[in-house]
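# Observations on chain architecture
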Amino acid sequence: MKITGLRTRRIHIPFAKPIGTSIHRIEGVSGLLVWLDTDEGITGESYLWAIGRHRVPVLEAMVRMLGERAVGKDPRDTTARFDEMWDEINFLGHKGVSLFGIAAVDWACWDILGQSLGASVSRLLGRRRDRVPTYASGGLWASMTIPELEAQAKDFVARGFKAVKMRIGKPDLGEDLERVAAVRSAIGGRIKLMADANQGLSVDHAIRLGRKLEAFDLTWFEEPVQAYDLEGSARVAAEIDTPVASGETEYGRYGFRDMLERKSADVLMPDLERVGGITEWVRVAHMAAAYDVPVSPHLFTEHCLQLCGALSNVSYAEHMPWFDGLFQEKLEMVDGDLLIPDRPGLGFRFDPDAVERFADG
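Residues numbered from 1 in each chain as written. Predicted model: local features only at pLDDT ≥ 70, side-chain atom pairs only at ≥ 80, totals over all residues. Heavy atoms only, no water.

## Side note on the overall build of the chain
For clarity, the threshold we go by: Strands here are runs of E lasting at least two residues and helices are runs of H or I lasting at least four, both read from the DSSP assignment and numbered beginning at the N terminus. As defined in this context, the radius of gyration uses C-alpha atoms, and a globule is described by 2.2 Å times the residue total to the power 0.38. Three labels apply to residues, based on accessible area from a 1.4 Å probe with only protein chains included: buried if under 20% of the type maximum, exposed if over 50%, partly exposed otherwise in between. Here, residues are in contact when the closest pair of their heavy atoms is within 4.5 Å. Here the open area of atoms and residues is found with the Shrake-Rupley method and a 1.4 Å probe, where only the protein chains shown may cover a residue. Here the positive residues are Lys and Arg and the negative ones are Asp and Glu; neither His nor the chain ends is included. The location of each charge is read from NZ of Lys, CZ of Arg, CG of Asp or CD of Glu.
Counting its regular elements, the chain contains 13 helices and twelve strands. A compact globule built from 361 residues should have a C-alpha radius of gyration of about 21 Å, and the chain, at 20 Å, falls within 12% of that. Across the 361 residues in the chain, those meeting the buried criterion constitute 60%. By sequence separation, contacts in the chain at least 24 residues apart represent 72% of the contacts at least 6 residues apart. Summed over its atoms, the accessible surface of the chain is roughly 14200 Å², and 48% of this surface lies on carbon and sulfur atoms. Charge centroids of the chain, computed over 43 positive and 54 negative side chains, lie 1 Å from each other.

Right, dumping it as structure tokens:
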């Protein structure tokens, strides 16, 4: 089997109402859909996303450069293809947009491999389960009022979620505490609660807030400080009892090795596009397992389910509905768990009608 070409399509999914974190105001998500074609009629799919459609052309240029250099090679040799791309980006560097490009090609190759063998990617990696605990992540934004937070938190529980995540990171420590208290009261004591500061706090503020948040029995305190401040994140993790979760803004296995060695987080959250795709995601998860550190994938809910099905140290899948409408298949949740499909490849295919509906230029 040989790769014959790569196709891309820019998309934009607008939100009905803008959302806000401690550092972002988001009116919609933009993305790049990727198809990797082969001479045997099997096509692998992947996609990248960004806040702001003006960033998508940069991602597209990197994906096209790497994908076009893979033409004529066998996509089923996933390690060889990854290593070639890793060598190719040496001049540009092994962080940032270079890893986005590798990711798109790499996980399209895994999709092809699974389809060619009639097996899901989780089977290829060594499937260990058919469901995974999930948390509702598509809400409870920092831009919402307390009554809005309470209503949405109750709705999540009514829909069957047994864990929810809210965004914090207000300049006023007391305001964050009031908002967390309101959500905890709305969901009760049995529902798991995570809080995400989206890198919006200083180290000292994060430590003070983290100590006071211990009263609300959080499952984790996510990205309390700037992602590049590994020392600062380690200080926060050492000073509070609540586990610190981080890593969605880290790149490649070497970045995560630094996090593990510095003890910057108690839970690692590799992002499929930033880490470099499935090949590198698996490496990071295995490395974390050697430290007895759990991992939880960031975004890309549909495709990351295959990783959740195979890696023993995955604690939660993030349920983010932003891209639900892109796929022909739909997520299934039972008793607070997402079911992990056992369909060939990654198990989700782009819906042609949705592609046209969200097409951006």
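Let us keep going from here.
## Focus on the side chain of glutamate 273
Worth spelling out the cut-off: Two N or O atoms form a polar contact when they lie within 3.5 Å of each other; inside protein one atom must be a possible hydrogen donor and the other a possible acceptor, and for residues adjacent in sequence the pair counts only when both atoms belong to side chains.
The residue glutamate 273 is located in helix H10 (residues 272-275) in this model. Looking at glutamate 273, its side chain comes within polar contact range of the main-chain nitrogen of tryptophan 49, at 3.0 Å. Here glutamate 273 is in contact with Leu48, Trp49, Leu99, Phe100, Ala103, Trp107 and Phe300, once residues within four sequence places are set aside.

## Here we look at unusual backbone geometry
A negative phi angle is the norm for most residues apart from glycine, just as the trans form is the norm for most peptide bonds. For glutamine 199, which is not glycine, the phi dihedral falls at a positive 70°. Assignment of secondary structure puts glutamine 199 in the loop between strand E6 (192-196) and helix H7 (203-213). At aspartate 335, a position not held by glycine, the phi torsion is positive, near 50°. Mapped onto the elements, aspartate 335 comes out in the loop between strand E11 (333-334) and strand E12 (337-339).

## Looking at helix H11 (residues 278-290)
We count it as follows: Helix span, as expected, comes to 1.5 Å for every residue beyond the first.
In a regular helix each residue adds 1.5 Å, so 13 residues correspond to 18 Å; H11 covers 19 Å between its end C-alpha atoms and thus fits that length. When we look at burial in H11, the residues that qualify are Ile278, Thr279, Glu280, Trp281, Val282, Val284, Ala285 and Ala288. One or two positions beyond H11, positive phi appears at aspartate 292, with a value near 55°.

By themselves, these observations are geometric and do not establish any function.
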